[in-house]
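Here are the chains, one letter per residue:
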Amino acid sequence: MKELLKFLTCGSVDDGKSTLIGRILYDAKLIFADQENALIMDSRVRTQTGELDYSLLLDGLMAEREQGITIDIAYRFFSTEKRSFIVADAPGHEEYTRNMAVGASFADLAVILLDAAHGIMPQTRRHFHICAMMGIRHFVFAVNKMDLVDYDADIFNELSSEIRELTRDYPSEAVIIPTSAKKGDNVTVPSASMPWYHGPALLQYLETVPTIQQPKAESFTMPVQRVCRSDGTFRGFQGEVFAGSICVGERIRVLPSKEEATVTRILCGAADMQTAERGSPVTIFLDREIDISRGCVLTQNDRLICSAVLQAELLWLDDEPLEIGRSYLLKAAAQKIPAVITKIKYKLDIESNTKTSGDSVHKNEIACCEIYTDTALVFDLFQNNRNLGGLILIDRVRHTTCACGMIRSHTSVSQNLSFHKTDLNRSFREQNLSQKAQTIWFTGLSGSGKSTLANALEKRLFLSGKATMLLDADNVRMGLNRDLGFTKEDRSENIRRLAETAKLMNDAGLIVLVSAISPRRVDRRMARSIIGSAFHEVYINTPLETCISRDVKGLYQKALRGEIRQFSGIDMAYEPPEHPDLIIDTTEVDVDKCVQQLLRAFFDDDAKTVRT
Amino acid sequence: MNHLDKLEAESIYIFREVAAECEAPVMLYSIGKDSSVMLHLALKAFYPEKPPFPLLHINTTWKFKEMISFRDRRAKELGIKVIEYINEDGLRQGINPFDHGAAYTDIMKTQALKQAIEKYGFTAAFGGARRDEEKSRAKERIFSFRNAAQAWDPKHQRPEFWKLYNTEIYKGESIRVFPLSNWTELDIWQYIKRENIPVVPLYFAKPRPVVERDGHLILVDDDRLPLRPGETPTIKNVRFRTLGCYPLTGGEESTADTVDAIIAETASAANSERTSRVIDKDGGSASMEKRKREGYF
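The rules we used
Residues numbered from 1 in each chain as written. Chains lettered and ligands numbered in written order. Predicted model: local features only at pLDDT ≥ 70, side-chain atom pairs only at ≥ 80, totals over all residues. Heavy atoms only, no water. Helix = DSSP H or I, 4+ residues; strand = E, 2+ residues; numbered from the N terminus. Buried < 20%, exposed > 50% of the residue type's maximum accessible area, 1.4 Å probe, protein only. Contact = heavy atoms within 4.5 Å. Areas by Shrake-Rupley, 256 points an atom, 1.4 Å probe, with all protein chains shown as cover. Lys, Arg positive; Asp, Glu negative; His and termini not counted. Charge placed at Lys NZ, Arg CZ, Asp CG, Glu CD. Pairing = 2+ DSSP bridges. Salt bridge = Lys/Arg side-chain N within 4 Å of Asp/Glu carboxyl O. Buried area = accessible area lost by both parts, 1.4 Å probe. Phe/Tyr/Trp six-rings, centres within 6.5 Å; stacked < 30°, edge-to-face > 60°. pLDDT = per-residue confidence, 0-100.

Brief notes about the overall build of chain A
At step 1: When helices and strands are counted, chain A shows 17 helices and 28 strands.
At step 2: Dimensions of chain A, computed from C-alpha atoms along their principal axes, come out at roughly 100 × 70 × 40 Å.
At step 3: Here chain A holds 612 residues, and the buried ones make up 56% of them.
At step 4: Long-range contacts, defined as pairs at least 24 residues apart, comprise 71% of the intrachain contacts of chain A with a sequence gap of at least 6.
At step 5: Carbon and sulfur atoms make up 50% of the accessible area of chain A, which totals about 26,700 Å².
At step 6: For chain A, the centre of its 73 positive side-chain charges and the centre of its 82 negative side-chain charges are spaced 5 Å apart.

Describing the sheet that holds strand β7 (residues 206-213) of chain B
Residue and element names in this part refer to chain B.
At step 1: Pairing is antiparallel across the open sheet formed by four strands, whose spatial order is β8-β7-β9-β10. The open sheet terminates on both sides in strands that have one partner only, identified here as β8 (216-219) and β10 (252-253).
At step 2: Examined bridge by bridge, β7 and strand β9 (residues 234-239) share five bridges and lie antiparallel to one another. The residue bridging V210 from the neighbouring strand is T234, located in β9.

Some thoughts on the pattern of salt bridges
All names here are of chain A.
At step 1: Enumeration according to the criterion identifies 63 salt bridges over all chains in this entry.
At step 2: The residue K363 makes a salt bridge to D319 at a minimum N-O spacing of 3.1 Å. Taken together, the positions of K363 in the loop between β20 (354-356) and β21 (366-379) and D319 in the loop between β17 (305-316) and β18 (327-332) put the pair 44 residues apart, joining distant regions of the chain.
At step 3: On the accessibility criterion, K363 (25% relative accessible area) is partly exposed.

Looking at the interface of chain B and chain A
The extent of an interface is frequently quoted as the accessible surface area lost upon association of the parts.
At step 1: If you look at the interface, chain B gives 59 residues, while chain A gives 77 residues.
At step 2: When chain B packs against chain A, the two sides together hide about 5,600 Å² of surface, and 58% of this comes from carbon and sulfur.
At step 3: The largest contributions to the chain B side of the interface with chain A come from R16, K139 and W162 of chain B, which together make up 15% of the buried area.
At step 4: In this structure, the connection of chain B to chain A is made through eight salt bridges.
At step 5: Across the pair K336 of chain A and E168 of chain B runs a salt bridge whose closest N-O atoms are separated by 2.6 Å.
At step 6: For the side of chain B that touches chain A, the secondary structure elements donating two or more residues are α1 (3-21), α2 (33-46) and α8 (287-293) of chain B.

Some thoughts on the packing of aromatic side chains
The geometry of an aromatic ring pair comes down to the distance between the two centres and the angle between the two planes.
Residue and element names in this part refer to chain A.
At step 1: Within the structure shown, the criterion is met by 28 aromatic pairs over all chains.
At step 2: Arranged with centres 4.8 Å apart and planes meeting at 25°, the rings of F78 and F85 form a pair that is stacked. For the pair F78 and F85, a shared accessibility class is recorded, and that class is buried.
At step 3: Aromatic pair F156 and W196: ring centres 5.5 Å apart, planes at 40°, arrangement tilted.

Notes on the confidence of the model for chain A
Keep in mind that low pLDDT regions are not for reading the predicted coordinates in detail.
Residue and element names in this part refer to chain A.
At step 1: Counting all residues, the mean pLDDT for chain A is 88, and 95% of those residues have values of 70 or more.
At step 2: Taken element by element, the predicted model of chain A shows its lowest mean pLDDT in helix α17 (residues 605-608) (71) and its highest in strand β7 (residues 221-223) (97).
At step 3: Here residues 412-416 is modelled with pLDDT under 50, and outside its nearest four sequence neighbours on either side it reaches three contacts, counting other chains as well.

This is how it looks when you write it as structure tokens:
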């Protein structure tokens, strides 16, 4: 059976990608007679001269033919005497970069086209960097449309050195071939028009390039896709061996639980196997009952990482920009876990290949981000294994695939840490205290009455025998958060620490009341994702004029005089909650009534009864 | 692992992902060679369990007789549930392939499929389509999202990376899943041979009564085929490269009566397999995409 090469064609728009592939198929006689007839007919309709337009073989969507561009990846299959090929033909427009990236994740080799007259374009760089980032190690640069520059060797040589410059810093192999897809030069056979070029024609090279090297010795790893319970007497774990191999009788470890067991049986389809290699779809049986479900990983690799904090390079795909603090669904191997992007470490400027800073990431941009997952994720680094180190993020409301990511590292703090399960958990502590642990988060302008209300509510709960704690942001800034200033980053960190503290206190079974202006939605969203379902947002909606007239701390006067900068409501926006759990306006209503409102909203009868 | 092993592994991975993540999957079973391979892969993917989803056959009532008997025999042998769905309304109106052309395909196939998916509340449907078949298929993702009207939006497909498939949907929406996306016609036959997979006998050449009509050899499968003036059935050694509704499926003269002979014929075929489909030609070069946008498989 012939070896298979999956490759991608990419490059800037109009550099002739679809034409090149069409030409390969046509010249190597790899299209069927009916397809050739359709091509001749279509070309007559669409070109003035009736000259064959080879791109029509690939641009299969109506919109593509209407606009004369490629929108999405086309997959074409062909086979020569030496090899079978699947080629993914990528769109060149920046707008469709995400579709190009889909092709890059599929391919083992990339053919990047350039127009000899135009040289390296921004899209050439973009496509090269995305391919390299996604792990492609073999590149062919086809310097195309040589016919339009009179097959000039000097132009080709000059471009070649620019290409060498572009690829210098990457551990990849790059071959450069001068071509004319339209005229067929160096496409399937060497060109007579360029006697100065002594290398192979494109197809010759694709037929002979050594395909993917065998991965180096690696340990067995298989994520569990599903648990098979045939008749209740046994359980088999189904998945594909993503790394290494496994034999009956060998010990394996289950992550994240770290339990160990011995493999007693391996099925591939209905056949019993003694051993299973990388890539095999198997069902594995173990010698003892362990709690294993979808997403768990069976492994012999001690270096596999289990962490809730990681760093990944993200290619942003969604029309809506990345949002710090928002909860996304993260998929990696067979795991699907809510996750929050906590920090943009840097953005990659793809044209200059430099790292820049930035606090927003839009469609088609690349950024390295820190990601927190709700529970620990089991993974390897992307460079070790793309199936164990690649991820996607999904918008939880719109269900779009927002980003693809390559896991580059995991934060060192948690490297040697694992979450210790303690015997006493939150629910025991809650029972002991006869209460439900929760966090009531008071947000609103300075002077809106947050602290007053939180204070009154706490006293009331205390009288009902409840165990509570009030976290006032101002007070916490004097201790735990004393190292933080008032930059955007520091304000975010301030909220993160408040939320983590509240969560710890919830774990202790306590009812926590947090009083913090917390003016930014993203920060409050982060707090919600840290605290989880125990989080309740209360918006103290007192009008700004009332707050200014109260001005208990004299801060508004200072802010209005310009002595304090970045003061919420004055020279910095306060972003009201979109869907708060409760809204309280303190202008008309007295404190007692507000407390009643709070009790009704969040507490059961027990908490409303004052103990005597 | 060789090429077929890799294709098999990819398909099995897809089956298991759908079974694990989608609420109510179903397999579209059209009884052809691709469906036979798909069913075989599903049996392998879940063994020792049976596939955790039923099969759905959209019956236009114009299928080859041998297809229906093959379907019933296989279902019995394997102990697998096959749901047959017929668009009764279309049947009552007497919709047929001779008088109604493109409307027939729409009503008896596309609408029937949409009705069945809605009736049973299926959230994911496996189909045996391959990317090498046709140029709009060549553009489709493995997990192809359909909105509540079951329409495909080719300009906004969900990006797909590595083996990570986005299966998130709301009620009413669904996903069409194509586990054979990366297989070619030749791969299918080589796999049928390797795994010894049963297929409908119509794929093998044998003397059959046919009439030549608009360049196609149409099998006189029953007495419902109205003969045009001058048409008389003649016996020819014919096999079918694809199977569907007999009045819309052209056979080709061939002597290939074994899987090996079919493999040799496929490897040297001058035309693509879809030339045997009469329906693909209605509506010009983009007809498949149009039908897919409207909910066709």
